[in-house]
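Examination of the molecular architecture
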Amino acid sequence: VGHCHPDIVKAAHDQNQLLNTNSRYLHDNLVDYAERLAKTLPEKLCIFYFLNSGSEANDLALRLARQYTKHEDVIVLDHAYHGHLTSLIDISPYKFRNLEGQKEWVHVAPVPDTYRGLYREDHEDSVTAYADEVKNIIEHAHKRGRKIAAFFAESLPSVGGQIIPPAGYFQKVAEHVHKAGGVFIADEIQVGFGRVGKHFWAFQLQGEDFIPDIVTMGKPIGNGHPLACVATTKEIAEAFAATGVEYFNTFGGNPVSCAIGLAVLDVIEKEQLQAHATEVGNFLMKILKEQQIKHPIIGDVRGCGLFIGVDLIKDQAE
């Protein structure tokens with residue numbers, strides 16, 4: 001919502017003057033904030049864990065998936081980046097290829113990129129073709145005696161090149177993953193909170209019939225303040241709690257962080273920033289497409305709201 005937004009600064013200051021404790025101490029802000037976030041999400045995503053960073057959120061999502069499914073393996077998209085913890089470097093091809101390489105429990109699916117990818121705009125059914133790649137990975141994993149805990153993907157792959165997956169892709173992937181006993185994790189750390197304009201969450205671009213099992217949030221959630229969240233279903237949360245090892249995060253969900261989170265949601269609403277992202281995004285796409293006509297180096301202009309990519313190329317034909 002912009003640097004040093006006065007409403008955010010005031011919310012932090014006011015709460016700091018009253019009380020800032022670790023989250024062993026109960027405080028209404030946490031419940032109020034969870035209720036506000038719940039209103040933006042599909043009904044079944046009704047349990048919230050608050051944390052301090054997107055990396056913490058993605059690591060917890062991984063733990064939730066494994067505890068719920070009792071499986072270990074994870075399918076990720078090529079070029080993905082999900083965070084800087086050891087567990088997340090392991091599921092980030094963008095990073096692990098330059099480090100220790102791919103772990104045996106990690107499976108990499110091609111990015112559903114219809115411009116540069118395996119199946120392009122001229123393919124008769126790129127949605128099914130890309131989803132079948134995931135299906136094949138699952139079948140190969142099963143042959144090796146491995147079991148899938150989760151398909152883990154950004155709702156719009158960002159590090160992979162601002163990719164807009166074709167609508168319907170996630171539904172088909174979720175079908176294959178659920179059939180294998182796994183869950184679908186949507187990483188909204190870079191693309192959530194109205195950035196895509198049309199919707200509050202980027203996964204909603206896939207259609208109303210698609211609901212992830214776990215959604216992770218970071219970056220924009222606190223407007224620069226360290227705040228993150230994992231939203232999931234009752235079933236997954238109950239399986240996680242059943243271990244008896246309670247989840248505790250000292251500062252995740254503290255009163256000041258939650259006051260800031262609430263203020264961010266207020267500003268997004270009050271200043272109509274979702275509509276603003278649509279309007280400015282459309283304008284930017286229009287002028288970028290005008291440049292595309294003039295300059296052969298611009299191969300593709302793609303985006304949604306203020307999530308936009310310009311693909312620079314050397315040769316139009318290739």
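Bear in mind the structure is a predicted one, so any value in this text is a computation, not a measurement.

**Describing the pattern of salt bridges**
If you walk through the whole model with that rule in mind, you get 16 salt bridges. A salt bridge links Glu246 to Arg24; the nearest nitrogen and oxygen atoms lie 3.2 Å apart. Remark: Arg24 occurs in the loop between helix H1 (6–18) and helix H2 (28–38) and Glu246 occurs in the loop between helix H8 (234–241) and helix H9 (255–270); sequence separation between them is 222 residues. Across this residue pair, the class does not change: Glu246 and Arg24 are exposed.

**Side note on the pairing of strand E2 (residues 73–77)**
For E2, a buried count of 5 out of 5 residues is recorded, marking the element as mostly surrounded by other parts of the structure. Both faces of E2 are covered, namely the face carrying Asp73, Ile75 and Leu77 and the face carrying Val74 and Val76. Sheet topology places E2 next to strand E4 (residues 148–154); 4 bridges connect them, and they run parallel. Paired with Val74 across the strands is Ala150, a residue of E4. Across 4 bridges, E2 lies against strand E3 (residues 106–109) in parallel orientation.

**Some remarks on the nonpolar core**
Counting residues in each nonpolar core, the largest one holds 53 residues, and the members touching the most others are Tyr33, Leu37, Val134, Phe151, Tyr169, Phe193 and Met217. Residue contributions to this core peak at 9 residues, all from H9. For Met217, the residues in contact, after removing those within four places along its chain, are Leu37, Leu41, Gly54, Ala57, Ile189, Phe193, Trp201, Ala228, Cys229 and Ala231. Membership of the second largest hydrophobic core comes to 26 residues, among which are Tyr49, Leu88, Ile214 and Phe240.

**What about the sheet that holds E3?**
Taken in spatial order, the 7 strands make up an open sheet running E1-E7-E6-E5-E4-E2-E3, and their pairing is mixed. Of all the strands in the sheet, just strand E1 (47–51) and E3 have a single pairing partner and so form its edges. Averaged over all neighbouring strand pairs, the angle between strand axes comes to 20°, with direction disregarded. Taken strand by strand, helix H7 (residues 169–179) contacts E2, E4 and strand E5 (183–187), and its axis lies near 140° from that of E5. Taken strand by strand, H8 contacts E1, E5, strand E6 (214–217) and strand E7 (228–232), and its axis lies near 60° from that of E1.

**As for the domain arrangement of the chain**
Partitioning the chain into structural domains gives domain 1 (6–271) and domain 2 (276–312). A C-alpha centroid distance of 26 Å is found between domain 1 and domain 2. Interface of domain 1 and domain 2: buried area, both sides summed, is about 1200 Å²; carbon and sulfur atoms make up 59% of it. Its largest share of buried area at the contact with domain 2, domain 1 owes to Tyr115, Gln162 and Arg195, together 44% of the area lost on that side. Across the contact surface, domain 1 and domain 2 share 1 salt bridge.

**Quick notes on helix H10 (residues 273–294)**
Each full turn of the α-helix corresponds to 3.6 residues, which orients residues three or four apart in the same direction. With 22 residues, H10 should cover 32 Å at 1.5 Å per step; its first-to-last C-alpha distance of 31 Å lies within 8% of that length. Along H10, the residues that are buried comprise Ala277, Gly281, Met285 and Leu288. Taken end-on, H10 shows its buried residues confined to a sector of 75°, consistent with a single buried face. Exposed residues pointing more than 90 degrees away from the buried face of H10 are listed as Glu279, Phe283, Ile293 and Lys294. Tucked inside the fold, the buried residues of H10 contact strand E8 (298–304) and strand E9 (307–312).

**Observations concerning the environment of Ala202**
For Ala202, the position within the fold is in the loop between E5 and E6. Considering only alpha carbons, one finds Ala202 and Gly303, 101 residues apart in sequence, at a separation of 11 Å. Ala202 has contacts with Ser155, Leu156, Glu188, Val191 and Val196, leaving out every residue within four places of it along the chain.

Cut-offs and rules
- Residues numbered from 1 in each chain as written.
- Predicted model: local features only at pLDDT ≥ 70, side-chain atom pairs only at ≥ 80, totals over all residues.
- Heavy atoms only, no water.
- Salt bridge = Lys/Arg side-chain N within 4 Å of Asp/Glu carboxyl O.
- Helix = DSSP H or I, 4+ residues; strand = E, 2+ residues; numbered from the N terminus.
- Buried < 20%, exposed > 50% of the residue type's maximum accessible area, 1.4 Å probe, protein only.
- Pairing = 2+ DSSP bridges.
- Core = buried A, V, L, I, M, F, W, Y, C linked by side-chain atoms within 4.5 Å.
- Contact = heavy atoms within 4.5 Å.
- Axes fitted to C-alpha atoms, helices over the stretch in contact; angles between N-to-C directions.
- Domains from an automatic or database assignment.
- Buried area = accessible area lost by both parts, 1.4 Å probe.
- Expected span 1.5 Å × (residues − 1).
- Arc of directions from axis to C-beta.

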